[in-house]
Amino acid sequence: SNLELFLKCLLHDHIEPSNPISELIYTRNNSSFQSVLNAYIKNRRFLTASTPKPLAIVTPNHESHVQATIKCSNQAGLELRIRSGGHDYEGLSYTSTVPFVVLDMFNLRKIDINIADETAWVQAGATIGELYYQISNVSKLHAFPAGVCPTMGAGGHITGGGYGNLMRKYGLSSDNVVDAQLVDVEGRILNRESMGEDLFWAIRGGGGESFGVILAWKIKLVSVPENVTVFNVGKTTDQATSQGATDVIYKWQQVAPKLPEELFIRAMPKVVNGSRPLEKTVMVSFIGMFLGQISSLIPLMNQQFPELGLRAEDCHEMSWVESTLFWDQYRIGTSIKVLLNRSTDVKFSSKNKSDYVKNVIPKKALEEIWTKMINFGNMWMQWNPYGGRMSEISESETAFPHRAGNLFKIQYCALWEEEGINSTNLYTSKIRDFYASMAPYVSNSPREAFLNYRDLDIGNSYPSHKTSLLRDADVYGAKYFKGNYKRLVEVKTKVDPFNFFKNEQSIPPGLVNF
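Here goes a summary of the coordinates provided. (Residues numbered from 1 in each chain as written. Predicted model: local features only at pLDDT ≥ 70, side-chain atom pairs only at ≥ 80, totals over all residues. Heavy atoms only, no water.)

## Topic: the overall build of the protein
Formally: Helix numbering and strand numbering both begin at the N terminus, where a helix is a DSSP run of H or I of at least 4 residues and a strand a DSSP run of E of at least 2. Here the globule rule reads 2.2 Å times residues to the power 0.38, and the radius of gyration is calculated from C-alpha atoms. Two residues form a contact once any of their heavy atoms are found within 4.5 Å. Reported accessibility uses the Shrake-Rupley method at a 1.4 Å probe radius. Residues are deemed covered only where the shown protein chains occlude them. For this count, His and the chain ends are skipped, Lys and Arg are scored as positive, and Asp and Glu as negative. Charged groups are reduced to one reference atom each: NZ for lysine, CZ for arginine, CG for aspartic acid, CD for glutamic acid.
Assigned secondary structure in the protein consists of 15 helices and 18 strands. Computed over the C-alpha atoms, the radius of gyration of the protein is 23 Å, within 12% of the 24 Å expected from 2.2 N^0.38 for a compact globule of 514 residues. Overall size of the protein, expressed as C-alpha extent along the three principal axes, is 70 × 55 × 45 Å. Expressed as a percentage of contacts within the protein between residues at least 6 apart in sequence, the contacts between residues at least 24 apart total 72%. Carbon and sulfur atoms provide 49% of the accessible area of the protein, an area that totals close to 20,600 Å². Between the centroid of the 53 positive side chains of the protein and the centroid of its 52 negative side chains there is a distance of 3 Å.

## Let's talk about the side chain of Arg81
As a reminder of what qualifies: Polar contacts, as used here, are pairs of N or O atoms within 3.5 Å; protein pairs need one atom able to donate a hydrogen and one able to accept it. Residues neighboring in sequence count only if both atoms are side-chain atoms.
Counting through the fold element by element, Arg81 comes out in strand S3 (residues 79-83). Within the structure, the side chain of Arg81 is placed 2.8 Å from the backbone oxygen of Thr95, a separation counted as a polar contact.

## A few points about the packing of aromatic side chains
Note the cut-off: In this analysis, rings of Phe, Tyr and Trp, with Trp reduced to its six-membered ring, are considered paired at centre separations within 6.5 Å, and the interplanar angle assigns stacked below 30 degrees, edge-to-face beyond 60, and tilted for intermediate values. Only protein chains enter the accessibility calculation, which uses a 1.4 Å probe. A residue is then buried if its area is under 20% of the maximum for its type, exposed if over 50%, and partly exposed in between. Here, a charge over a ring is recorded when the distance from Lys NZ or Arg CZ to the ring centre is within 6 Å and its angle to the ring normal is within 35 degrees.
Counted under the stated rule, the structure contains 21 aromatic pairs. Here the aromatic rings of Tyr163 and Phe450 are separated by 5.9 Å at their centres, their planes lie at 55 degrees, and the arrangement is tilted. On the criterion of sequence distance, the pair formed by Tyr163 in the loop between helix H5 (154-159) and helix H6 (167-170) and Phe450 in the loop between helix H13 (421-437) and helix H14 (466-481) is long-range, its members being 287 residues apart. Per residue, the accessibility class of Tyr163 equals that of Phe450, and both read buried. The interplanar angle of 85 degrees and the centroid separation of 5.9 Å between the aromatic rings of Tyr412 and Tyr435 together place this pair among those described as edge-to-face. Residue Tyr412 is located in strand S18 (residues 408-416), and its partner Tyr435 is located in helix H13; the two are separated by 23 residues in the primary sequence. You can call Tyr412 buried: its relative accessible area is 0%. Taken together, Tyr89, Tyr163, Tyr356, Tyr386, Phe400, Phe450 and Tyr453 form an aromatic cluster joined through their ring pairs. Cation over ring: Lys409 sits above Tyr163, and NZ or CZ is 3.8 Å from the ring centre.

## Re the sheet that holds strand S13 (residues 263-273)
Selection criterion: Two strands pair if DSSP finds at least two bridges between them. A fitted line through C-alpha atoms represents every axis, and for helices the fit uses only the stretch in contact; the resulting angles, taken between N-to-C directions, go from 0 to 180 degrees.
Strand order across the open sheet formed by seven strands is S15-S12-S14-S13-S17-S18-S16, with antiparallel pairing between neighbours. Edge positions in the open sheet fall to strand S15 (315-318) and strand S16 (349-357), since each of these has one partner strand only. Sheet twist, expressed as the mean angle between neighbouring strand axes with direction ignored, is 20 degrees. Relative to strand S14 (residues 280-290), strand S12 (residues 228-236) runs antiparallel, the two being bridged by eight bridges. Following the sheet pairing, Thr229 is matched in S14 by Phe290. The strands that H13 touches are S16, strand S17 (379-385) and S18; relative to S18, the one it contacts most, it runs at about 155 degrees.

## Comments concerning the sheet that holds strand S4 (residues 100-104)
In space, the four strands of this open sheet follow the order S1-S2-S4-S3, with mixed pairing throughout. Two strands in the sheet have a free side with no partner beyond their single neighbour: strand S1 (25-27) and S3. The mean angle between the axes of side-by-side strands here comes to 20 degrees, regardless of whether they run parallel or antiparallel. Where strand S2 (residues 56-58) meets S4, three bridges bridge the pair, whose relative direction is parallel. Residue pairing across strands places Ile57 opposite Val102, the latter belonging to S4. The sheet contacts of helix H1 (residues 2-13) involve S1, S2 and S4, and relative to S1 the element is tilted by about 165 degrees. Its contacts with the sheet put helix H3 (residues 63-75) on S2, S3 and S4, and the angle it makes with S3 is roughly 150 degrees.

## Observations regarding the nonpolar core
Grouped burial of nonpolar side chains is what soluble globular proteins tend to show. Our working definition: As used here, the term nonpolar core means buried Ala, Val, Leu, Ile, Met, Phe, Trp, Tyr and Cys residues forming a set that is joined through side-chain atoms within 4.5 Å.
Counting 125 residues, the largest nonpolar core has Ile203, Ile219, Trp252, Trp370, Met381 and Trp383 as its most contacted members. Considering each element in turn, this core owes the most residues, seven residues, to S18. In contact with Trp370, other than residues within four places in its own chain, are Thr237, Thr246, Ile249, Pro269, Val282, Val284, Met381 and Trp383. Judged by nonpolar contacts, the second largest core, of 27 residues, contains Cys9, Ile25, Val213 and Leu215.

## Some words on empty space enclosed by the protein
For the record, the criterion: Grid points spaced at 1 Å and placed over the protein atoms alone form the basis of the search, with a cavity being a set where a 1.4 Å probe fits but cannot get out and a pocket an open set showing protein on both sides within 12 Å along at least five of seven lines. Lining residues have an atom within 4 Å of a point. Grid points are joined across faces, edges and corners, and a volume is the space filled by probe spheres set on the points. Each residue gets one of three labels, nonpolar for Ala, Val, Leu, Ile, Met, Phe, Trp, Tyr, Cys and Pro, charged for Asp, Glu, Lys and Arg, and polar for the others, Gly among them.
Under the defined criterion, the tally for this structure stands at four cavities of 30 Å³ or more. Forming the walls of the largest cavity are Tyr132, Phe144, Ala146, Gly147, Val148, Asn165, Leu166, Met289, Trp320, Ser323, Thr324 and Trp327. Looking at the lining of the largest cavity, the element that brings in the most residues is helix H11 (residues 320-327), giving four residues. When grouped by side-chain class, the residues that make up the lining of the largest cavity number eight nonpolar, four polar and no charged.

## Overview of the layout of surface pockets
Over the atoms, a rolling probe the size of a water molecule traces out where space has been left empty. Quick note on the threshold: Domain limits in this description derive from either an automatic procedure or a database domain assignment.
When its volume is computed, the second largest pocket comes out at roughly 540 Å³. Contributing to the lining of the second largest pocket are 27 residues, with Arg45, Phe46, Thr51, Ile421 and Thr424 lying nearest its centre. Counting only elements with at least two residues in the lining of the second largest pocket, the list comes to S16 and H13. A class-by-class count of the residues in the lining of the second largest pocket yields seven nonpolar, eleven polar and nine charged. Each of domain 1 (2-104) and domain 2 (227-317 + 344-438) gives at least three residues to the lining of the second largest pocket.

## Quick look at the environment of Tyr133
Relative to the helices and strands, Tyr133 resides in helix H4 (residues 128-138). C-alpha separation for the pair Tyr133 and Ser35, spaced 98 residues apart in sequence, amounts to 27 Å. Excluding residues within four positions of it along the chain, Tyr133 makes contact with Ile336, Lys337, Leu339 and Leu340.

Okay, structure coming up:
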C-alpha cells in the first residue's frame, strides 16, 4: 500500500542513527494517533468522525525529518499537508479528500533572538505567543507585527501575510521578514540567497504551502515605547440606551484609516442581549492600541474622533507584551506566561469569510446590516482599519496585494455549539447569505479576500482535472492575490512543476505536466 511504501522509505531508506524518526511517526493503529491529530485542531467543525483522517502524522524534531517526509510521501504517491498551528479556517493543514500524510511542525519551535541587530530566527512550529514572550524576555522596547491569537503557528501565519494591530505602523508580519529557510520538493534546504528573490517574494504573503515547507523565518523586530495605551469602548445600536453605535462607526470609517499610524482602532460589531427581555441588539466594540501614553491619546481623539467619547478612565497603560493579552481578552494583570499555552478549549464550530471595503458604507446600509446580524444570531464581524504603512507599500512588493485604496478589511465569523452536519449546513448557509448581502458595499471585480481567512466558498481547484485546474485556480487566485497571481504561477511552475505541494486553494503550475 501507499502507507507501507511511505513507512519503508522513512524508516529504511532515509534513516539517520543520529536523528531517529521512528518515535515521531503516528499511524492510525497508534494509541496516540487521535490525540496528536486533535491537539492542533482549532475548530469543532473538523472534530468529527466524518472528517477525513491522515494515514500518518509525522512530527519532526530535526530538519532531516522534514526532508525525508517530503521525499517519501512524494515517492509513495501520498499528498502532504503541513501544519504549524492548526488555525487554517477550512482545516486544509490536516484534512484532504485523497490519501495523505500530515507533517506536524510543533516540535520545531526554536526561537533565537539577536537584540543587537534587532532580528530573530523563528521556527515554523513556534507559536506567535511564544515569540511575543521571548521578545519580552530580552527587551521591553521591541515587538513584532503579528496577529492577536497567541496559539497561531509562525509558519502559516507569516506566510499568509500576518495581520495585527501594529500593521498601520509597521505593515504585516511578512513585510518584516528578511530571510527564510524552506525545504523544496527535491528535499533541499534553501535560504533567501539560494532560493532566489522570486521564491522569497512568493512565500511572503503567497502561502508557502504551495512551494515547499517553511522551516524558519528570520524576522525584523520593531521598536515600541516602554508603555502603550489600550482601550475597549462599546456602543450599542439599542435606541433605549442612546449610545449611537451607527453614528460612531459611520464616522470611524472616515477617520480610522487616516489617524496617525501609531493608533490602531478595530471596530467589532457583535450580536448581544438588548435592554429588554428576549431582545437582541448589536454592540460595536472599538478596541484600540496607541503607541504612546494616555496623556497624548486623549487630546488626539478629542480632536480627530470625538464621536467615540474616549475618556482617560477608559484607557490602560501597559507594556507591549501585556497589551497582547488585553487584545486576546485576558483580564488585566494576567501573567504573560499564558502566552506559552498551546492548548485551547475548542468550544465552537465556525465558518469565516473576508472582504475589503474601499468606500464608506452609508448609515442606512449600516442599519440594514445590524438587522441582518440580529436575524442571524450568533455572529460577529471585525473591521480592521488600513492606512499608515499599509498604504505606502506597493501591491507588488510582496505576494500580499491588498494595500492602498482600502479603508478597512472585514472578517465575518459564524459560531455554533450544536453538533452534526445539519447544524453545519444551516450556519454555513446563513453566513453565505449574509456575505452575499454585503456585496454592494465591498470590493468587486474581483471581490477581494484575505488568504489567512481561508474560505473555500470563493473557489476550489481540488480535485480538478488537468484541463480545469488553472481555470478553477484563477478564480480564487485573483481574489486572494489580484495582479500578483500571475507571478505566483510563474514561481510555482519553476520550483514545483509537477504540483506536489498542493491543496484546495494552492497555486497551480502554469504547465499542465502532472
